[in-house]
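Breakdown of the fold
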Amino acid sequence: MSDGTKHIAVIGIGSGDPDQLTLGAVKAMRSTDVFFVLEKGEEKSSLTRLRRTMLAEHVPGPHRVVEAEDPWRDRAQGSRGGYADAVHDWRRRRADICERLIREELAPGQRGAFLVWGDPSLYDSTLAVLEEITARGNVTFTYDVVPGVSSVSTLAARHRVGLNRVGRPIHITPGRRLAETVGNDDGDVIVMLDAHESFRQFAGGGTWIYWGAYLGTPDEILISGPVEEVAEDIRRARAAARAEHGWIMDTYLLRPCGDA
Ligand SMILES: C[S@@+](CC[C@H](N)C(=O)[O-])C[C@H]1O[C@@H](n2cnc3c(N)ncnc32)[C@H](O)[C@@H]1O
């Protein structure tokens, strides 16, 4: 930018399939000078490899990649208040790192980018972190968002289902709050961030599950059926995949059986 303003693009890159990169994302990547990558421990190698492959394939021009360690997050907080506090604390520390990256690694007038898994609007902290940095006022920049294909869209596409039934709502929840939806059979429920196979609460309740792990990647696993019939298959598949890869990302849709 000619007036010296720094600019950040928050670019959704899809949920694992390089073909999910949109033309808008590629355009934004090609006008980026510096890519910021926050490394996550266990998921590190394959996610970083995918980002690097995308850059090698789609960004032929000169650019830099700056890596920083994602701050440690306290996942031991059980209560809802404790969980929210832990997330806010983690975001604050993430904001410290990103603020430094924008201040020190981006020259006036340059464009930086964060490549965000799936879509930046869904369970991702990048936008909240940029808001926090803006509010602090220590570094000045503009930013925009390029939407990406979320894991939820990918799940629905792979199972060839719609996310909602006719005229009904859909509810998206992290696994740790799924219990609050038991007994509400008006809408369908999409579950993310579930480390505990919370769908088991629905066994025997006439609920169908559409489950997917590593969606869009060569390791993708899909299982669907009545929860009571497939819960054990999913447990086995999760355990085997986690043992093989060291980490797992799975998402699922819960739908009352027999409804259109
Ligand atoms: C921090 S959230 C990020 C979501 C992302 N912004 C999106 O749009 O999909 C991580 C959660 O997304 C889901 N997820 C992301 N990528 C996935 C994939 N390739 N396969 C299955 N689930 C995925 C999982 O529920 C995982 O726990």
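First things first, this report covers the structure right here in the doc. Please read these numbers as outputs of a predicted model, since none were measured by experiment. (Residues numbered from 1 in each chain as written. Predicted model: local features only at pLDDT ≥ 70, side-chain atom pairs only at ≥ 80, totals over all residues.)

Bringing the overall build of the protein chain into the picture now. Along the protein chain, the regular secondary structure elements total six helices and ten strands. Relative to a compact globule of 260 residues, whose C-alpha radius of gyration would be 18 Å, the protein chain shows 20 Å and is just as compact. If you line up the protein chain on its principal axes, its C-alpha atoms span 60 × 40 × 40 Å. In the protein chain, buried positions account for 28% of the 260 residues. Relative to all contacts within the protein chain whose residues are 6 or more apart in sequence, the contacts with residues 24 or more apart total 70%. (Helix = DSSP H or I, 4+ residues; strand = E, 2+ residues; numbered from the N terminus. Rg over C-alpha atoms; globule rule 2.2 N^0.38 Å. Buried ≥ 20, exposed ≤ 12 C-beta atoms within 10 Å, placed from the backbone. Contact = placed C-beta atoms within 7 Å.)

What follows covers the site of the ligand. Taken together, the neighbourhood of the ligand is formed by 20 residues, with Gly118, Ser150, Ser151, Met192 and Leu215 sitting nearest. For the shell around the ligand, the residue count by class is nine nonpolar, eight polar and three charged. Residues lining the shell around the ligand come from more than one domain, with at least three contributed by each of domain 1 (6-146) and domain 2 (151-256). (Near = placed C-beta within 6 Å. Nonpolar A, V, L, I, M, F, W, Y, C, P; charged D, E, K, R; others polar. Domains from an automatic or database assignment.)

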